[in-house]
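Reading the structure
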Amino acid sequence: MVNGPEAGVNRRVVVNSIDDVVVETVPEAAPEAGEVRIRGTVVGICGSDTHAACGHHPFIDLPYRPGHEVIGVVDAVGAGVAESWIGRRVVVEPNLACGRCPQCLAGRYNICRELLVLGCQTPGGLADSFTVAVDRVVPLPDELDDDHAILIEPLATPIHAVRRAAEAVGDLRDRPVVVVGAGPIGLFVLLALRQAGARVVVADLLESKRARAERLGAAGSFDPSAPDAVESALALLGGPAAAVIDCVAIQSSVAQAIELVDKGGAVMIVGVSAGATPVRLDLIQDRELALIGNLMYVREDYAAAMDLLASGVVPIDEIITARYDFAQSAQAFAASMDPENVKVVVELTNADGAPISVGAGSTGGVR
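Residues numbered from 1 in each chain as written. Predicted model: local features only at pLDDT ≥ 70, side-chain atom pairs only at ≥ 80, totals over all residues. Heavy atoms only, no water.

What about the nonpolar core?
Counting residues in hydrophobic clusters, the biggest one holds 96 residues, and the most contacted among them are I38, L126, L151, I152, L193 and F333. Those residues in contact with L151 that sit more than four places away from it in its chain are F188, L309, V314, I316, I319, I320 and K343. In this structure, V180, A203, A233 and A249 belong to the second largest nonpolar core, which totals 21 residues. (Core = buried A, V, L, I, M, F, W, Y, C linked by side-chain atoms within 4.5 Å. Buried < 20%, exposed > 50% of the residue type's maximum accessible area, 1.4 Å probe, protein only. Contact = heavy atoms within 4.5 Å.)

This is the structure:
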């Protein structure tokens, strides 16, 4: 079997549902003016991907073509783009902003009025190749290997949330903070908070996930469903939290966050809520609490994520818990539903750099 796609043919993954992840073939696209074409090497599966695949994401419609956590190599450029990009290893910043609205002009293009996200509302990078505007790619230094580079995008959102928390309540150094949820984003929030010097307590339903959070530096953890959860958390914190970063965003988690945060503190919503969520406005008003939404990131958050990963403080073995080949993208989505997995990645090239062939009988999986 020929290893890789036919010339001029692009294979890409389509998600119809969590149980229906397939590969379609389309003509390979040439980059338009201002664009580059990228051949992906590694793609991460995000919680938003599985949320969408289950039909629960409020802003991603099925079917969709995933791949917003992606690194690869530029293999073609469009008009107006320097040919020096060709052959460069890059990471994609997938937020596709208009550049014209007040938010974009203020530098907050992550909340662009017309925001689209590569791999969410537009075809993404879980494919042989894809095109994107050149201003959406960031060159990667040689010393940042693929295992670290693929974590830039998922780490940037927590860094953005922690930065905004500090803007809301001041310097977080030596201050108590609660992280609700010890999934991939929650663990990255923990690492970003630790980098900011905060003393962090983590909530999660699963003991194994709480144990991982403590291995990654949490000062303690608690089960948010326990009858004495608030009392246990306050004891671990030594009092109310300066901020609570909610990576779950359901009614019970927001309510608990409001109980845990100090007067004048901030509750940062990072998790994607499935819809309307009741909150205690009386307590928010009376305690002068800030309830702050957080969406994605901007370039400074990407740069901070790259610096944090380059520092070596992110333990890859604790974060990347399963690897699959392109041929096994459906299995990768299924594995991402397992709460014991943190980050599942799909590798799009063989050891020799050649594209992986669908149906080639690869033996990818947890390894």
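From this point, the discussion proceeds with the structure in view.
Let's talk about the sheet that holds strand β13 (residues 241–246)
The 6 strands lie next to each other as β12-β11-β10-β13-β14-β15, forming an open sheet whose pairing is parallel. Each having just a single partner strand, β12 (220–222) and β15 (290–293) make up the two edges of the open sheet. On average, each strand axis in the sheet is inclined to that of its neighbour by 20°, with strand direction left out of account. Both strand β10 (residues 176–180) and β13 contribute to a ladder of 4 bridges, which runs parallel. Among the inter-strand pairings, V179 is bridged to a residue of β13, identified as I245. Where helix α5 (residues 184–195) meets the sheet, its contacts fall on β10, β11 (199–203) and β13, and the angle it forms with β10 comes to roughly 165°. (Pairing = 2+ DSSP bridges. Helix = DSSP H or I, 4+ residues; strand = E, 2+ residues; numbered from the N terminus. Axes fitted to C-alpha atoms, helices over the stretch in contact; angles between N-to-C directions.)

Re the layout of surface pockets
Roughly 260 Å³ of volume is contained in the second largest pocket. Together, 19 residues line the second largest pocket, and R12, L118, P123, F130 and T131 are the ones closest to its centre. Those elements that place two or more of their residues in the lining of the second largest pocket are β1 (9–17), β2 (20–27) and β8 (130–133). Looking at the lining of the second largest pocket, the element that brings in the most residues is β8, giving 4 residues. A class-by-class count of the residues in the lining of the second largest pocket yields 10 nonpolar, 5 polar and 4 charged. (1 Å grid on protein atoms, 1.4 Å probe; cavity = no way out; pocket = protein on both sides within 12 Å on 5 of 7 lines; lining within 4 Å. Points joined across faces, edges and corners; volume = space filled by probe spheres on them. Nonpolar A, V, L, I, M, F, W, Y, C, P; charged D, E, K, R; others polar.)

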